[in-house]
Amino acid sequence: MQTPTLLALLLLLVLAVYGTGFSRALGAARSLGGVRNLASLPSYYGLFAALWCGLPALLLLGAWIAFDDAVIRAMVLGSLPDKPDTPSGQNLLYAQIQNLSAGHLIGEKTPQLQSAADYLNRLRHNSSNLQAFLSLTLAVGLAAFALLRCSPKLCAREKVEKVLRAILVACACAAIFTTVGILLSVLFESLRFFQSVPVSEFLFGLHWSPQMALRADQVGSSGAFGAVPLFTGTLMVSAIAMFVAVPVGLMAAIYLAEYASRRVRALAKPILEILAGVPTVVYGFFAALTVAPFIRDLATSVGLQASSESALAAGLVMGIMIIPFVSSLSDDVINAVPQSLRDGALGLGSTRSETVRKVVIPAALPGIVGGVLLAVSRAIGETMIVVMAAGLAANLTANPLESVTTVTVQIVTLLVGDQEFDSPKTLAAFALGLMLFISTLVLNFIALHVVKKYREQYD
Amino acid sequence: MSTMTLDASARTEAAQAELLGVESVAHSAEVRKTVGRPFIEIAKLRMRDVNVCYGEIQAIHSVSLDIGCNEVVAMIGPSGCGKSTFLRCLNRMNDTIEGCRVEGELSLDGEPIYGPKVDVVPLRARVGMVFQKPNPFPKSIYENVAYGPKIHGIASRRAELDEIVENSLHRAGLWNEVKDRLNKPGTGLSGGQQQRLCIARAIAVSPEVILMDEPCSALDPIATARIEELIDELRANYTIAIVTHSMQQAARVSQRTAYFHLGHLVEVNDTETVFTNPEHELTEAYITGRFG
């Protein structure tokens, strides 16, 4: 039986078991004189039976699908009298057998291979039959067991809620384990990188030129992995972005929260948030094709040297992109300041702007700082705009009119194209990723801490 | 409102009153005209025919009242009768509520309170307000009290400011409790202390009138007694209008009491008269606890 058919069958079975459990509970309740004489509501008895029926069967099915290929492979290879010793040789052989069993072998067909392919087909057929039989038996058996256990005294709700809680915990763990998994994979690759390039050179080196010599006698491709220019570039672009986003976003938020009438606010806030919905690629070519040439021409007209890809262009456009982060979060925080504080200040004869400047903003400040730090994380992690507008040259410079490059951009360029995954050039991307991960993690940690402190403010 | 609709509403009110039995007093009685002594010789605050609407709903119907110098006027009445709304007209705090319209003649020392040329900032500096819920700013105790004098430029030097802060806290009866922790946040004080801090904050700008909107509703009896004492002391220098749900409090602190009912000012009289020998049957019904 095919797996989708089996799943559909299981689903039907679960629904039927739910219905049975439910109606049996209702019947029991009727003879006892009402649902309130049951230990739980009838739907919980249905769920209890359905969970017993469906969950173990699904788990079995999942485990079967996960392991059945490996088991079959071992059995097929085990049946062969003479097989290669190396894993790659075995892989090749098994692939041949698989192709043969599917009916499109290219190359010679030996009787030995043919028999192995037949064996494989037989095993697969048996496996799928066994799988269907076992999971359906398990489902039916456990459903019968659960339905028999159902009695008016059984507290089905507690048991169902225990299972639901376990499912919730599993979902939460999945997210956490994914994070840990990503971190570990990046960490191990980084460690491999640091075996060929010392940590101190990576952290403090002032020169970034990730070209490795392919041959021993090659000239000019010594490779330099000093990440300082990348981090200063990131810092500069992010700083320019924040210079744009923080004042504009904050003032927009103050206008929306304190001055705008309800109608203007209902209209303006979603429009502002559209900015956050524009794909970063679009911002990127806006920066590269419109803003960067404009800045270059402007700089030239006042007698300054400017390259056509500049940190300024990327930073300005990135700043525009993160305005809605700052404004939306600040707006929420400012709105959370209790009206009684505003009334108190106005009642003392403050003007509107005094109230905003001296009471509302100080009260909302921790929340605003939290929002700004989240925006900074966003700016540091942004890639597309910088790739397109700031260039690829790893210049160590403080001049925003020169082209710079950032950590994320270098990760992209290191991993794009044909690369061996064991050269320091490629592994450098993981080390950069690790550094970026750590720095945004620290920023997020600070942001969360500030936000938590803010929560304690009034109550 | 036209005569016809007025008659119709009076009829439905009467019909409802019959159905409700006990509440008949509340609805059948004539509440269109204020009885008692709403007007006085020398008025600090003078209100004539004040109407307040929130959108389509009229909250205050043609209220006229005088409040004199060095006088405490208590405003009592069932919830939703418009006492707080009326109080908030006096320093234009209703301006902050969208859709609120105020009509009528209101003046402070003969100068109009509403009008195109009136600046609310100096008005609110002259008419201070203490709110129902203590609302100290999330700043230090010192900064809370110094806030008003700072924005109005009352004190130019630090020493002057220190003096104003100490003086205000003294008068609010809070100085001895907080003198050692002026730099601690005002939000860390107890409820009663916070309310006294708010009173200190209000008197630090030396207003002429203080409006109090149920200042003791969130406080325990001890803190309440402390604040009532304070109101009595403050009367020597200020004009005070206080909204309260506690009739005992009204009786204890005020010289005149105004009874509001469904947006109408029913009766204004000397406090003693109101509580011993009310003129209007609605007032009598309310203070004897027959409804409210």
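Everything numeric here is computed off the predicted structure, so don't read it as measured data.

Asker: I keep staring at the overall build of chain A and nothing clicks. Help me out?
Answerer: When helices and strands are tallied, chain A shows 15 helices and two strands. The globule rule puts the C-alpha radius of gyration for 459 residues at 23 Å, and the 32 Å found for chain A is more than 25% above it. The dimensions of chain A, computed from C-alpha atoms along their principal axes, are 80 × 80 × 35 Å. Partitioning the contacts of chain A with sequence separation of at least 6, the portion at a separation of at least 24 is 73%.

Asker: Which parts of the structure should I look at to understand the overall build of chain B?
Answerer: Of regular secondary structure, chain B possesses twelve helices and eleven strands. The 292 residues of chain B split such that 45% are buried. Within chain B, counting contacts between residues at least 6 apart in sequence, those at least 24 apart form 68% of the total.

Asker: Mind showing me how you'd approach the interface of chain A and chain B here?
Answerer: The extent of an interface is frequently quoted as the accessible surface area lost upon association of the parts. In this complex, chain A contributes 16 residues to the contact, which on the side of chain B involves 23 residues. Elements supplying a minimum of two residues to the side of chain A that touches chain B: helix H11 (339–347) and helix H12 (352–381) of chain A. Tallying contributions element by element places H11 of chain A first for the side of chain A that touches chain B, with six residues.

Asker: How should I be thinking about the sheet that holds strand E5 (residues 100–108) of chain B in this particular structure?
Answerer: Residue and element names in this part refer to chain B. Strand order across the open sheet formed by four strands is E3-E2-E5-E6, with antiparallel pairing between neighbours. Two strands in the sheet have a free side with no partner beyond their single neighbour: strand E3 (57–68) and strand E6 (111–112). Direction of pairing for strand E2 (residues 43–54) relative to E5: antiparallel, over a ladder of eight bridges. Each bridged residue has a counterpart across the sheet, and for arginine 48 the counterpart in E5 is glutamate 105.

Asker: Any chance you could explain the packing of helix H1 (residues 3–32) of chain A against helix H2 (residues 42–79) of chain A here in plain terms?
Answerer: Helix-helix packing is characterised by the crossing angle of the two axes and by the distance between the axes. Residue and element names in this part refer to chain A. Here H1 crosses H2 at 160°, and the two axes come no closer than 6 Å. On the basis of the axis angle, H1 is roughly antiparallel to H2. Of the two possible hands of crossing, H1 and H2 adopt the one that is right-handed.

Asker: Help me understand the confidence of the model for chain B in this model?
Answerer: Averaged over all residues, the pLDDT of chain B equals 84, while 88% of them reach at least 70. Confidence drops under a pLDDT of 50 for residues 1–29 of chain B, and excluding neighbours within four residues, the segment shows 22 contacts in the predicted structure.

Asker: Looking at this structure, I do not really get unusual backbone geometry. What am I missing?
Answerer: Leaving glycine aside, a negative phi is the common case for residues, and trans is the common case for peptide bonds. Residues and elements named next belong to chain B. Its identity is not glycine, yet asparagine 70 carries a phi of approximately 50°, on the positive side. Mapped onto the elements, asparagine 70 comes out in the loop between E3 and strand E4 (72–76). The phi angle at arginine 92 is positive, at roughly 60°, despite the residue not being glycine. Within the element layout of this structure, arginine 92 appears in the loop between helix H3 (83–89) and E5. Here arginine 92 falls in the partly exposed class, since 19 other C-beta atoms lie within 10 Å of it.

Asker: I tried to follow the nonpolar core on my own but got confused; where do I start?
Answerer: Nonpolar side chains tend toward joint burial in soluble globular proteins. Residues and elements named next belong to chain A. Formed by 157 residues in total, the largest nonpolar core has its most connected members in Ala287, Ala314, Val317, Ile385 and Ala389. Setting aside anything within four residues of it in sequence, one finds isoleucine 385 in contact with Thr280, Tyr283, Gly284, Ala287, Ala314, Val317, Met318 and Met321. In terms of nonpolar packing, the next biggest core, distinct from the first, is built from 23 residues, Val17, Ala25, Tyr45 and Ala49 among them.

Asker: Looking at this model, I keep getting lost on the pairing of E2 of chain B. Mind explaining?
Answerer: The side chains of a regular strand alternate, first on one face of the sheet and then on the other. Residue and element names in this part refer to chain B. Both E2 and E3 contribute to a ladder of eight bridges, which runs antiparallel. In the sheet register, methionine 47 faces E3, and the bridge partner there is leucine 65. Linkage of E2 to E3, two consecutive antiparallel strands, is achieved through a turn of two residues, within which glycine 55 is found at a positive phi near 60°.

Asker: Which parts of the structure should I look at to understand the sheet that holds strand E10 (residues 256–261) of chain B?
Answerer: Note on sheets: strands pair through backbone hydrogen bonds, and any given pair is parallel or antiparallel. All names here are of chain B. Strands sit in the order E1-E11-E10-E4-E9-E8-E7 across an open sheet of seven strands; the sheet is mixed. Across the chains shown, the open sheet's two edge strands, defined by having one partner strand only, are strand E1 (35–36) and strand E7 (127–130). Pairing of E4 with strand E9 (residues 239–243) involves four bridges; the strand directions are parallel. By the bridge assignment, alanine 74 is partnered in E9 with isoleucine 242.

Asker: Can you walk me through the domain arrangement of chain A in this structure?
Answerer: As far as domains go, chain A holds domain 1 (3–154) and domain 2 (224–455). The distance between the C-alpha centroids of domain 1 of chain A and domain 2 of chain A comes to 51 Å.

Asker: So what exactly am I meant to see when it comes to helix H8 (residues 262–277) of chain A here?
Answerer: Along an α-helix, residues three or four positions apart point the same way, because every turn accommodates 3.6 residues. An ideal rise of 1.5 Å per residue puts 22 Å on 16 residues; H8 of chain A measures up with 23 Å between its terminal C-alpha atoms. With zero of its 16 residues buried, H8 of chain A lies for the most part at the surface.

Asker: Quick question: what am I supposed to make of the packing of H11 of chain A against H12 of chain A here?
Answerer: All names here are of chain A. Contact geometry of H11 with H12 gives a least axis separation of 10 Å together with a crossing angle of 155°. If you check the angle between H11 and H12, you find them roughly antiparallel. In this structure, H11 crosses over H12, and the sense of that crossing is right-handed. Across the interface between the two elements, Leu341, Arg342, Ala345 and Leu346 of H11 pack against Thr355, Val359, Val360 and Ala363 of H12. Among the residues forming the contact of H11 with H12, the class breakdown is six nonpolar, one polar and one charged.

Asker: What am I meant to see in the environment of glycine 370 of chain A here?
Answerer: Residues and elements named next belong to chain A. Within the fold, glycine 370 resides in helix H12. Among the residues examined, glycine 370 registers 23 C-beta atoms within 10 Å and is labelled buried. Sequence separation between glycine 370 and lysine 453 is 83 residues, and the spatial gap between their C-alpha atoms is 9.9 Å.

Asker: How should I be thinking about H1 of chain A in this particular structure?
Answerer: Residues and elements named next belong to chain A. Compared with the 44 Å implied by 1.5 Å per residue over 30 residues, the 43 Å span of H1 between its first and last C-alpha is a close match. Turning to H1, its buried residues number three or more, namely Leu10, Val14, Val17, Tyr18, Thr20, Gly21 and Ala25. Buried residues in H1 make contact with H2 and helix H4 (111–149). Two residues or fewer after H1 comes glycine 33, characterised by a positive phi angle close to 100°.

Asker: What should I look at first to understand the environment of tryptophan 208 of chain A in this one?
Answerer: All names here are of chain A. Residue placement: tryptophan 208 occurs in strand E1 (residues 208–209). Separated by 123 residues in sequence, tryptophan 208 and aspartate 331 have C-alpha atoms that sit 41 Å apart. Contacts of tryptophan 208, omitting those with residues within four sequence positions, involve Ala224, Phe225, Gly226, Ala227, Pro229, Leu230 and Ala394.

Asker: Which parts of the structure should I look at to understand the environment of glycine 77 of chain B?
Answerer: Mapped onto the elements of the fold, glycine 77 of chain B is located in the loop between E4 and H3. With sequence-adjacent residues up to four places away left out, glycine 77 of chain B is seen in contact with Lys83, Tyr259, Phe260 and His261 of chain B.

Asker: Where do I start with the pairing of strand E11 (residues 264–270) of chain B in this structure?
Answerer: All names here are of chain B. When you tally the buried positions in E11, you get six out of seven residues, the bulk of the element. Relative to E11, E1 is paired through two bridges, and the arrangement is parallel. Looking at the pairing, valine 35 lines up with glutamate 267 of E11. Examined bridge by bridge, E10 and E11 share six bridges and lie antiparallel to one another.

The rules we used
- Residues numbered from 1 in each chain as written.
- Chains lettered and ligands numbered in written order.
- Predicted model: local features only at pLDDT ≥ 70, side-chain atom pairs only at ≥ 80, totals over all residues.
- Helix = DSSP H or I, 4+ residues; strand = E, 2+ residues; numbered from the N terminus.
- Rg over C-alpha atoms; globule rule 2.2 N^0.38 Å.
- Contact = placed C-beta atoms within 7 Å.
- Buried ≥ 20, exposed ≤ 12 C-beta atoms within 10 Å, placed from the backbone.
- Pairing = 2+ DSSP bridges.
- Axes fitted to C-alpha atoms, helices over the stretch in contact; angles between N-to-C directions.
- Parallel < 35°, antiparallel > 145°, perpendicular 65-115°, else oblique.
- Left-handed = near helix turned anticlockwise from the far one by under 90°.
- pLDDT = per-residue confidence, 0-100.
- Core = buried A, V, L, I, M, F, W, Y, C linked by C-beta atoms within 7 Å.
- Domains from an automatic or database assignment.
- Expected span 1.5 Å × (residues − 1).
- Nonpolar A, V, L, I, M, F, W, Y, C, P; charged D, E, K, R; others polar.

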